[in-house]
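Residue-level listing of the chains:
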Amino acid sequence: MKFAYRFSGLLGTVYRRGNLSFTRDGGSLISPVGNRISLFDLKNNKCETFPLATRLNIVCVGLSPDGSLAILIDEEGAALLVSLIGKCVIHRFYFHKPVHSVSFSPDGKKFVITKDNVALMYHAPGRKREFNAFVLDKTYYGPYDETTCIDWTDDSKCFAVGSKDMSTWVFGAERWANLIYYSLGGHKDIIVACFFEENSLDLYTISQDAALCVWQCDTELDGLKPRLPKDAAREENAEENEEFLEEPKGEEIRGKANPNEQETRDKVKYSRVAKYFFNKEGDFNNLTSAAYHKKTHLLVTGFASGIFHLHELPDFNLIHSLSISDQRIASISINCTGDWIAFGCSGLGQLLVWEWQSESYVLKQQGHFNSMVSLAYSPDGQYIATGGEDGKVKVWNTSSSFCFVTFTEHSSGVTAVTFTSNGYVILSASLDGTVRAFDLHRYRNFRTFTSPRPSQFSCLAVDSSGEIVSAGSQDSFEIFIWSMQSGRLLDVLSGHEGPISSLSFNPMKSVLASASWDKTVKLWDMLDSWRTKETLILNSDVLVVTFRPDGKELAVAALNGQITFWDHENAVQVGSIEGRHDLQMGRKELDKITAKQAAKGKSFTTLCYSADGQSILAGGLSKFVCIYNVKEQILMKKFEISCNFSLDAMEEYLDRRKMTEFGSMALIDEGAGGEDGVAIPLPGVKRGDMSYRHFKPEIRVTCLRFSPTGRSWAATTTEGLLIYSLDSGLIFDPFELDIDITPGNIRKTLLQKEYTMAIVMAFKLNEKKLIQEVIEAVPSEEVDVVCSSLPELYVEKVLEFLASAFEISCHLEFYLIWAHKLLMLHGPKLKTRSVKLLPVIQFLQKSIQRHFEDVSKLCEWNIYNIKYALAISQQRGMKRLAEETSVDKDDLDSDSDYLMQEAHKDNLSS
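Residues numbered from 1 in each chain as written. Predicted model: local features only at pLDDT ≥ 70, side-chain atom pairs only at ≥ 80, totals over all residues. Heavy atoms only, no water.

On to the overall build of the protein, then. Assigned secondary structure in the protein consists of 12 helices and 59 strands. Counting the 910 residues in the protein, one finds 50% classified as buried. As displayed, the protein offers around 44700 Å² of accessible surface, 50% of which is attributable to carbon and sulfur atoms. (Helix = DSSP H or I, 4+ residues; strand = E, 2+ residues; numbered from the N terminus. Buried < 20%, exposed > 50% of the residue type's maximum accessible area, 1.4 Å probe, protein only. Areas by Shrake-Rupley, 256 points an atom, 1.4 Å probe, with all protein chains shown as cover.)

What follows is the structure, given as structure tokens:
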């Protein structure tokens with residue numbers, strides 16, 4: 001089995017914090033998700049998470065105007081320069097202090113970042129090859145407090161910076177003779193946003209107390225005068241003298257809030273034309289974010305209560321006002337056409353894209369409010385169901401990475417989810433004392449299973465037929481068995497002396513394995529009136545139990561960190577893995593003992609066999625997922641699922657700089673009422689939430705599952721639902737390679753029309769593009785002959801290639817012919833190796849099923865359109881009287897069906 005699994009997607013987290021940004025074409029949205037970024041393609045309904053990560057959570061994202069580069073900056077000021085085309089990191093830079101905002105100039109030559117009370121202008125990277133991509137051009141001083149926002153004029157001559165000291169500063173990108181800096185007041189709270197009017201120096205400033213000031217400038221952009229030559233020459237001489245003393249650090253511009261008359265003579269002047277207030281009288285709703293579209297003069301403002309307003313400027317006309325959430329709107333962005341508005345709510349992890357003209361959602365996604373606890377793959381690997389502590393069950397599409405249905409019937413945390421064998425029913429167990437069955441056709445809860453006495457269910461299993469549902473209880477130590485058809489309770493299995501921790505049905509036989517904290521695993525025979533068939537005794541509390549896909553082996557993880565393998569037919573232990581040291585725990589900020597000591601009490605809490613049963617995945621309260629070879633009982637590979645140090649228990653050793661004589665610095669709540677909005681409650685102060693505590697989520701893996709196709713596995717973690725897939729594109733992996741097998745020889749064989757030989761040679765070289773070229777060169781009428789003469793060893797490889805080709809190729813009918821002929825001719829032989837081939841067949845089924853759904857929708861739409869066109873054509877030219885009846889519907893249907901049959905015959909004959 002190959003272990004080249006790579007990170008391929010993050011589901012369940014759509015927005016954490018930071019600013020949202022639309023791409024240049026306005027059809028895609030970039031959203032920061034923790035320490036990664038996701039690209040939401042809104043036109044093709046797909047989501048992609050880039051395979052790169054910062055050390056801490058991303059707080060601001062800056063996109064270059066040409067859409068090729070992005071600057072990602074994390075909480076500590078570490079920046080990554082990223083190529084959005086190659087999806088890779090080009091350069092790393094450290095700003096040494098937290099950065100509040102970053103913005104490229106519209107011409108793409110410069111970019112400005114704000115940190116502390118300073119604005120720094122850098123030359124934009126990527127224009128030419130350079131050793132250092134971040135070259136400082138100018139440093140601007142002026143505000144007394146931290147800077148909050150940036151906006152550029154359309155011609156990149158000036159930019160404005162807002163500050164927490166309630167002032168806004170306009171700076172020249174060059175030292176203009178009549179504008180070097182200008183300070184604007186007029187507000188009574190923190191500046192949230194500032195925007196220039198289109199092709200003008202006129203300015204709008206918006207503060208946190210929901211006030212908008214309109215500033216008019218007495219000079220146009222063309223009226224900015226360049227510096228006098230004598231001043232420029234004097235400065236150049238000064239710079240040359242400095243060059244020998246130290247490395248040049250860029251030009252410094254120091255602004256004054258109250259310049260004297262001499263300094264303001266013949267300079268640009270601003271005057272406040274109007275001041276507007278968003279809140280009605282007596283309302284105290286903090287404004288948290290804003291965005292402005294210059295061409296349409298559209299201003300969008302978001303508030304702490306989840307309301308947003310749309311206004312037309314400069315007249316301040318309200319277009320509409322809506323509430324989208326009960327949490328603060330943290331970020332707003334408008335696309336280039338001004339049609340779509342994106343909103344991010346960090347409290348709930350919501351991401352919304354709203355089309356304001358039609359008043360409809362383009363995108364509405366939200367992850368689980370609390371952490372995800374469990375997951376299950378559908379039998380074809382196309383969907384993933386997740387259950388969370390917020391009581392919701394969500395279903396995700398693995399190809400688009402979007403959640404398409406959320407079930408909210410549970411009133412407490414969901415502990416387990418699973419699919420039935422047909423793939424259209426999801427079962428979920430919850431701490432609210434119910435097991436619920438959801439229908440994926442009608443999206444409804446059609447069965448609710450309960451126990452005679454209320455019990456908190458901790459685990460769930462369904463047999464291979466989908467008829468028998470079982471759930472284990474935490475408090476009564478019993479296992480409940482229900483019938484799916486009738487919903488009746490069939491039996492209550494008692495015998496365990498501790499909480500039931502895990503249940504698993506044998507995929508091939510009617511045997512249920514139950515694990516408990518009483519240090520036993522019991523096997524119950526469903527055919528023999530649910531009697532205990534065997535009791536396996538272990539040395540420690542059992543946490544998880546799972547059967548191998550062929551049902552011949554049982555894996556058990558216990559509290560002592562061991563994974564043991566059992567032949568359950570003979571009740572014999574066949575192997576064990578000591579996995580405690582492989583977990584490699586991190587040390588939490590408030591831990592009194594070292595990570596090495598803490599690891600002694602830790603163990604694996606989730607297990608999962610691979611699709612072929614040769615290896616096993618294991619995870620627990622750690623940032624590592626281990627994959628072991630079952631036969632050899634050795635560690636094959638460790639996956640580090642996160643490098644995000646914003647999470648707790650990531651570091652092995654504590655940073656001594658964070659320790660004081662009074663304890664860890666993590667015990668101190670920092671900041672009073674900043675962006676996260678809660679003031680520290682001081683004695684005698686009524687403002688603020690007394691129960692508010694700052695905390696860091698701990699990194700953990702709660703559930704692992706292998707895809708039935710064998711090409712990917714998923715993990716529910718603190719960060720969200722992570723998917724790792726086989727990355728076959730970058731690996732040269734030949735099969736029985738010979739010295740004569742070269743691309744040239746393969747093409748020569750193909751020209752001689754020896755198709756079978758060419759296919760065998762191409763698979764030996766195992767280059768995907770070459771295999772595609774050879775298979776697509778085979779004429780469709782020759783496919784039957786080639787399939788019959790194909791060696792048995794290569795049938796499986798061709799089927800696997802077909803399954804992957806279906807996902808990207810447009811030659812749908814051609815590949816369906818291949819799949820049909822292979823399965824018809826080699827079906828009986830393939831059936832003898834069905835267990836081994838099952839992942840490949842399920843991968844093929846998943847690919848065909850997706851095309852079937854797409855094509856059937858298209859066909860139904862076309863049939864409807866044809867019937868509609870026929871109905872219109874038959875009614876044309878007829879004067880319809882009020883009492884006259886319309887065309888008989890049955891006749892219409894028969895006519896349209898006849899016409900469609902005729903068209904089909906014509907197509908076949910041609």
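With that settled, the discussion passes to the packing of aromatic side chains. For the coordinates displayed, the defined rule picks out 44 aromatic pairs. When the ring of F95 is compared with that of Y122, the centres are 5.7 Å apart and the planes differ by 70 degrees; the resulting orientation is edge-to-face. With F95 in the loop between strand 9 (88–94) and strand 10 (99–104) and Y122 in strand 12 (residues 118–123), this pair connects stretches of sequence that are 27 residues apart. We note that F95, like Y122, is buried. Taken together through their ring pairs, the aromatic side chains of Y5, F7, F639, F706, W713 and Y724 make up a single cluster. Over the aromatic face of F7 sits the side chain of R36, whose NZ or CZ is 3.9 Å from the ring centroid. Over the ring of F645 we find R55, and its NZ or CZ is 4.4 Å from the ring centre. (Phe/Tyr/Trp six-rings, centres within 6.5 Å; stacked < 30°, edge-to-face > 60°. Lys NZ or Arg CZ within 6 Å of the ring centre and 35° of its normal.)

Our focus in this paragraph is the pattern of salt bridges. Any two side chains of opposite charge can pair, so long as their charged atoms come close to each other. Per the counting criterion, the structure on display carries 19 salt bridges. One salt bridge in this structure joins D137 and K138, with 3.4 Å as the shortest N-O distance. Residue classification places D137 among the buried residues on the basis of a relative accessible area of 14%. When the shortest N-O distance is used, the salt bridge between E553 and R548 registers 3.6 Å. (Salt bridge = Lys/Arg side-chain N within 4 Å of Asp/Glu carboxyl O.)

When pLDDT is averaged along the protein, the result is 84; 87% of the residues meet or exceed 70. The low-confidence segment residues 232–248, where pLDDT is below 50, has four contacts with residues more than four positions distant or belonging to other chains. Scored below 50 in pLDDT, residues 905–910 shows zero contacts in the model against residues more than four places distant or in partner chains. (pLDDT = per-residue confidence, 0-100. Contact = heavy atoms within 4.5 Å.)

In a regular helix each residue adds 1.5 Å, so 21 residues correspond to 30 Å; helix 10 (residues 812–832) covers 28 Å between its end C-alpha atoms and thus fits that length. The largest bend in helix 10 is about 70 degrees, located at H826, with the proline P828 one to four residues further on. Taken together, the buried positions of helix 10 are occupied by F814, Y815, W818, A819, L822, H826 and L830. (Expected span 1.5 Å × (residues − 1). Bend = angle between axes of the 7 residues up to and from the residue.)

A few words now on the sheet that holds strand 4 (residues 36–41). Read from one edge of the open sheet, four strands run 2-3-4-5, paired in antiparallel fashion. The open sheet is flanked by strand 2 (21–22) and strand 5 (46–49), the only strands paired with a single partner. Where strand 2 lies against strand 3 (residues 28–33), two bridges are found, and the strand directions are antiparallel. From the neighbouring strand, S21 faces strand 3, where its bridge partner is I30. (Pairing = 2+ DSSP bridges.)

Three or more residues of helix 5 (residues 743–751) are buried, namely I746, T749 and L750. For helix 5, the arc enclosing every buried residue in end-on projection is 100 degrees, short of the 170-degree limit, so these residues lie on one face. Away from its buried face, by an angle of more than 90 degrees, helix 5 presents the exposed residues K748 and L751. Packed against the buried residues of helix 5 are helix 6 (755–765) and helix 7 (768–777). (Arc of directions from axis to C-beta.)

Once that is clear, we can look at the side chain of E553. Structurally, E553 is set in the loop between strand 47 (542–547) and strand 48 (554–558). Sequence-distant contacts of E553, defined by excluding residues within four places in its chain, comprise T546, F547, R548, F565, W566, H568, V574, Y609 and V630.

Before going further, it helps to examine the pairing of strand 57 (residues 701–706). Pairing between strand 57 and strand 58 (residues 712–717): five bridges, direction antiparallel. Counterpart to F706 in the pairing with strand 58 is W713. Counting the residues between successive antiparallel strands, the hairpin from strand 57 to strand 58 contains five residues, one of them, G710, with a positive phi of roughly 80 degrees.

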